[in-house]
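Commentary on secondary and tertiary structure
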Amino acid sequence: MIAKLDSVLLPRKKFIYHYKNMRWARGRHETYLCFVVKRRVGPDSMSFDFGHLRNRNGCHVELLFLRHLGALCPGLWGYGVTGERKVNYSITWFCSWSPCANCSFRLVQFLNQMPNLRLRIFVSRLYFCDLEDSREREGLRVLKKAGVHITVMTYKDYFYCWQTFVACNQSKFKPWDGLHQNSVRLARKLNRILQPCETEDLRDAFKLLGL
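Reference entry: report on the structure contained in this document. (Residues numbered from 1 in each chain as written. Predicted model: local features only at pLDDT ≥ 70, side-chain atom pairs only at ≥ 80, totals over all residues. Heavy atoms only, no water.)

Examining the packing of aromatic side chains
- Using the criterion set out here, one finds 19 aromatic pairs in the structure.
- Ring geometry for Phe94 against Phe165: centres 6.0 Å apart, planes inclined by 55 degrees, an arrangement best described as tilted. One end of the pair, Phe94, is in strand 3 (residues 89-97); the other, Phe165, is in helix 6 (residues 155-165), and 71 residues separate them in sequence. There is no split in this pair, since Phe94 and Phe165 are both buried.
- An angle of 80 degrees between the planes, with centres 5.0 Å apart, marks the rings of Tyr158 and Trp176 as edge-to-face. Residue Tyr158 is found in helix 6, and its partner Trp176 is found in the loop between helix 6 and helix 7 (179-194); the two are separated by 18 residues along the sequence.
- The rings of Phe15, Tyr19, Tyr155, Tyr158, Phe159, Trp162, Phe173 and Trp176 are connected pair by pair, giving a single aromatic cluster.
- The side chain of Arg28 reaches across the aromatic face of Tyr17, ending 3.9 Å from its centre.
- Here Arg125 stacks its cationic end above the ring of Trp97, 4.2 Å away from the centre of that ring. (Phe/Tyr/Trp six-rings, centres within 6.5 Å; stacked < 30°, edge-to-face > 60°. Helix = DSSP H or I, 4+ residues; strand = E, 2+ residues; numbered from the N terminus. Buried < 20%, exposed > 50% of the residue type's maximum accessible area, 1.4 Å probe, protein only. Lys NZ or Arg CZ within 6 Å of the ring centre and 35° of its normal.)

Right under this line is the structure:
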């Protein structure tokens, strides 16, 4: 099933090129999305599916993923004419870029109709989030309010992706220079984006105290 979406495993050089969390990622116009789909099939067991996608024919990869949910998540909309017995799913994305504003809003619209679907998003880099009033920042905040867990990838996440999604041929994952420093920098930036109200409250408090 996954092979119909894309080849199951990413070539090593392609993974490094697209997921490298460098400060200036010039030339990386595509977004890659590695995914894990989990479904509980018993009290002590879960089904597990995985694969990866990238932008195709002008369609952003986040929306492309939604098109394949019927095949990836049987029973998500329920079984039978009335849609009863909806199956619960947990989905994890590892994205080379964070979602654009439009994709964030579309995802929230979809998730609001799917209380039986839980989504976590790990991102390598932040997409157009430098400006304080960017729509991309607002999109990330809307995702958080909708219950989506968003975080920046760390070394252990890259290691997991290398072991799970990359045709590594048993070669070990070698972190590039600056991986940890850039991850920490981006995580702090994302935290400021997702908690702007608390930051503004602190600034107001400091002003009142004359600090």
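That covers the picture; the talk isn't over yet.
Concerning the pairing of strand 4 (residues 117-125)
- With 7 of its 9 residues buried, strand 4 lies for the most part within the structure.
- Following the backbone out of strand 3, through helix 4 (residues 101-111) and into the adjacent parallel strand 4, one traces a crossover that is right-handed.
- Taken together, the 4 bridges between strand 4 and strand 5 (residues 149-152) define a ladder with parallel strand orientation. Residue pairing across strands places Arg120 opposite His149, the latter belonging to strand 5. (Right-handed = clockwise from strand over helix to strand, strands pointing away. Pairing = 2+ DSSP bridges.)

As for empty space enclosed by the protein
- If you walk through the whole model with that rule in mind, you get 1 cavity of 30 Å³ or more.
- As a volume, the largest cavity reaches approximately 40 Å³.
- The wall of the largest cavity is formed by Phe65, Leu66, Leu69, Ile91, Trp93, Leu107, Phe110, Leu111, Leu117 and Leu119.
- Going through the elements one at a time, helix 2 (61-67), strand 3, helix 4 and strand 4 are the ones with two or more residues in the lining of the largest cavity.
- Per-element accounting of the lining of the largest cavity gives the leading share, 3 residues, to helix 4.
- Looking at side-chain class alone, the lining of the largest cavity contains 10 nonpolar, no polar and no charged residues. (1 Å grid on protein atoms, 1.4 Å probe; cavity = no way out; pocket = protein on both sides within 12 Å on 5 of 7 lines; lining within 4 Å. Points joined across faces, edges and corners; volume = space filled by probe spheres on them. Nonpolar A, V, L, I, M, F, W, Y, C, P; charged D, E, K, R; others polar.)

Concerning the state of the cysteines
- For the structure on display, the rule yields 0 disulfides.
- Left without a disulfide partner, Cys34 is nearest to the cysteine sulfur of Cys161, which lies 5.3 Å away.
- Overall, the relative accessible area of 0% leaves Cys34 in the buried class. (Disulfide = S-S within 2.5 Å.)

Some details on the layout of surface pockets
- When its volume is computed, the largest pocket comes out at roughly 720 Å³.
- For the lining of the largest pocket, the residue count by class is 12 nonpolar, 7 polar and 10 charged.

With respect to the nonpolar core
- Formed by 42 residues in total, the largest nonpolar core has its most connected members in Phe65, Ile91 and Trp93.
- Beyond its immediate stretch of four places on either side in the chain, Trp93 contacts Leu33, Cys34, Phe35, Glu62, Phe65, Leu107, Leu119, Arg120, Ile121 and Phe122.
- Counting residues in hydrophobic clusters, the runner-up holds 18 residues, among them Tyr19, Tyr32, Val36 and Leu179. (Core = buried A, V, L, I, M, F, W, Y, C linked by side-chain atoms within 4.5 Å. Contact = heavy atoms within 4.5 Å.)

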